[in-house]
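Summary of structural features
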Amino acid sequence: MPRDNSTSKVSRWDGHGREHVVRVRRTGVQRTISCDTCGWRRNAQFLPWLKAEEHLAEAHQATVDPSATRQPSR
């Protein structure tokens with residue numbers, strides 16, 4: 001039986017404009033989340049994207065979603 005393998009990412013910017021990325025890898029029902037910035041990794045069967053967002057906010061103070069609508073600078 002083939003396994004469903006896929007990868008997605010959660011990215012946020014910190015207050016200095018640096019992008020931080022946590023990747024969510026799925027193999028079957030197991031999900032592994034890993035931070036490109038600091039190497040942190042964790043298995044997470046439930047709510048891996050929420051755990052990725054929490055890591056970015058707590059460890060890197062990265063809370064600005066780059067996919068959100070940008071406001072023009074004045």
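Residues numbered from 1 in each chain as written. Predicted model: local features only at pLDDT ≥ 70, side-chain atom pairs only at ≥ 80, totals over all residues. Heavy atoms only, no water.

**Some points on the nonpolar core**
- Val10, Val22, Val24, Ile33, Cys35, Ala44, Ala52, Leu56 and Ala62 together form the largest nonpolar core, which totals nine residues.
- Breaking this core down by element, the ones donating at least two residues are β2 (19-27), β3 (30-35) and α1 (48-60).
- Among residues more than four places away in sequence, those in contact with Ala44 are Gln30, Arg31, Ile33 and Lys51. (Core = buried A, V, L, I, M, F, W, Y, C linked by side-chain atoms within 4.5 Å. Buried < 20%, exposed > 50% of the residue type's maximum accessible area, 1.4 Å probe, protein only. Helix = DSSP H or I, 4+ residues; strand = E, 2+ residues; numbered from the N terminus. Contact = heavy atoms within 4.5 Å.)

**Description of the pattern of salt bridges**
- By the definition in use, this model includes four salt bridges.
- One salt bridge in this structure joins Asp65 and Arg12, with 3.5 Å as the shortest N-O distance. Remark: Arg12 occurs in strand β1 (residues 5-13) and Asp65 occurs in the segment after α1; sequence separation between them is 53 residues.
- Several salt bridges share partner residues, and in doing so they unite Arg12, Glu53 and Asp65 into one network. (Salt bridge = Lys/Arg side-chain N within 4 Å of Asp/Glu carboxyl O.)

**Here's the deal with the sheet that holds β1**
- Strand order across the open sheet formed by four strands is β1-β2-β3-β4, with antiparallel pairing between neighbours. Only two strands of the sheet have a single partner each, and these edge strands are β1 and β4 (41-43). With direction set aside, neighbouring strand axes in the sheet form an average angle of 15 degrees.
- Sheet topology note: the β3/β4 ladder contains three bridges and is antiparallel. Across the sheet, the residue bridging to Ser34 is Arg41, located in β4. (Pairing = 2+ DSSP bridges. Axes fitted to C-alpha atoms, helices over the stretch in contact; angles between N-to-C directions.)

**Some words on the pairing of β1**
- Two elements, β1 and β2, share nine bridges in a ladder whose sense is antiparallel. When the bridges of β2 are listed, Ser8 appears paired with Val24.
- What sits between β1 and β2 in their antiparallel hairpin is a turn of five residues, with Gly17 showing a positive phi close to 85 degrees.

**Quick word on α1**
- Compared with an ideal rise of 1.5 Å per residue, which puts 13 residues at 18 Å, α1 spans 17 Å between its outermost C-alpha atoms and is within 8% of the ideal.
- Considered for burial, the residues of α1 that qualify are Pro48, Ala52, His55, Leu56 and His60. Looking straight down α1, one finds that the buried residues subtend no more than 95 degrees of arc, so they occupy a single side.
- Looking at the packing, one finds that the buried side of α1 touches β1, β2 and β3. (Expected span 1.5 Å × (residues − 1). Arc of directions from axis to C-beta.)

Purely spatial values, then, with no claim about function.
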